[in-house]
Amino acid sequence: MRLRWPCALLLIVALTALAAVAYVSGCDSSDDNGTGGDDAAGPDNAAPTAVFTVTPASGTTATNFVFNATASWDPETVSEALQVRWDWDGDGTYDTAFTTVKTASHRFTTAGSYRVTVQVRDSYGATGTASRTVVVAAS
Ligand SMILES: [Ca+2]
Ligand SMILES: [Ca+2]
């Protein structure tokens, strides 16, 4: 038995429509919070790359160090939307809240060597960190 032309054509159109629907609904299956992008755990969201500078590179307890993480970047999240927070003394506890402001200044009240860490967070919650050692002399 052979399908008649209009019948076969209808079948092709129906199958194409079905395939299109399957493609559209299945192409981003890891977006389980409805944000339209993949979530942090999904394979399509890469962690941000954290980068920062310290000015001056070393100083004293009287120095106001300026930290700048503006060069941090992420493949999915625009730089303006990336959030940063800082750990000034390397104790693993962040000393600031997350903010989209990428520059911060800090003064160390005690002389010593400090491991400063910045954590960068993208819109999906993935994070990246960078650390630098700042040497602070007595003033
Ligand atoms: Ca990302
Ligand atoms: Ca800390």
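Residues numbered from 1 in each chain as written. Chains lettered and ligands numbered in written order. Predicted model: local features only at pLDDT ≥ 70, side-chain atom pairs only at ≥ 80, totals over all residues.

Q: Hey, could you go over the overall build of the protein chain for me, with residue numbers and the actual values?
A: In terms of helices and strands, the protein chain carries one helix and seven strands. Reading the secondary structure of the protein chain in the N-to-C direction produces α-β-β-β-β-β-β-β. Counting across all 139 residues of the protein chain, residues that qualify as buried make up 19%. (Helix = DSSP H or I, 4+ residues; strand = E, 2+ residues; numbered from the N terminus. Buried ≥ 20, exposed ≤ 12 C-beta atoms within 10 Å, placed from the backbone.)

Q: Could you give me a rundown of the nonpolar core, with the residues and numbers involved?
A: Ranked by internal contacts, the top residues of the largest apolar core, which has 16 residues, are F67, A69, Y114, V118 and V120. Mapped onto this core, the elements with two or more residues apiece are β3 (65-68), β6 (112-121) and β7 (127-137). Looking at this core element by element, the count peaks at four residues for β6. In this structure, A69 is in contact with A50, V51, F52, V84, K102, V118 and V120, ignoring residues within four places of it in sequence. (Core = buried A, V, L, I, M, F, W, Y, C linked by C-beta atoms within 7 Å. Contact = placed C-beta atoms within 7 Å.)

Q: Summarise the pairing of β3; cite the residues concerned and give the values.
A: Here β3 shows a buried face lined by F65 and F67 and an unburied face lined by V66 and N68. Two strands pair when backbone bridges link them, and β3 and strand β5 (residues 103-106) are joined in this way by four bridges, in the antiparallel orientation. Each residue of the ladder has a partner; that of N68, found in β5, is T103. (Pairing = 2+ DSSP bridges.)

Q: Lay out the environment of G59 with the relevant residues and their values.
A: Structurally, the position occupied by G59 is in strand β2 (residues 58-60). Here G59 is in contact with F65 and V136, once residues within four sequence places are set aside.

Q: Could you give an account of the environment of Y124, with specific residues and numbers?
A: Counting through the fold element by element, Y124 comes out in the loop between β6 and β7. On the basis of neighbour counts, which here come to 22 C-beta atoms within 10 Å, the residue Y124 falls in the buried class. Placed 77 residues apart in sequence, Y124 and A47 show a C-alpha to C-alpha distance of 9.2 Å.

Q: Provide a residue-level description of the sheet that holds β7, including the pertinent values.
A: As summarised here, the arrangement of the four strands in space is β2-β7-β6-β4, forming an open sheet in which the pairing is mixed. Of all the strands in the sheet, just β2 and β4 (83-87) have a single pairing partner and so form its edges. In this sheet, adjacent strand axes meet at a mean angle of 30° when their direction is disregarded. Where β4 lies against β6, five bridges are found, and the strand directions are antiparallel. The residue of β6 that forms the bridge with R85 is Q119. (Axes fitted to C-alpha atoms, helices over the stretch in contact; angles between N-to-C directions.)

Q: I'd like a rundown of unusual backbone geometry, residues and numbers included.
A: Omega for the bond connecting T55 with P56 falls within 30 degrees of zero, at -10°, which places this linkage in the cis form. Mapping P56 onto the fold places it in the loop between β1 (53-55) and β2.

Q: So what's going on with the confidence of the model for the protein chain? Which residues, and what values?
A: Confidence in the prediction of the protein chain, expressed as mean pLDDT, is 84, and 69% of residues score 70 or more. Contacts from residues 20-30, a stretch scored under 50 in pLDDT, to residues over four places away or in other chains number six contacts. (pLDDT = per-residue confidence, 0-100.)

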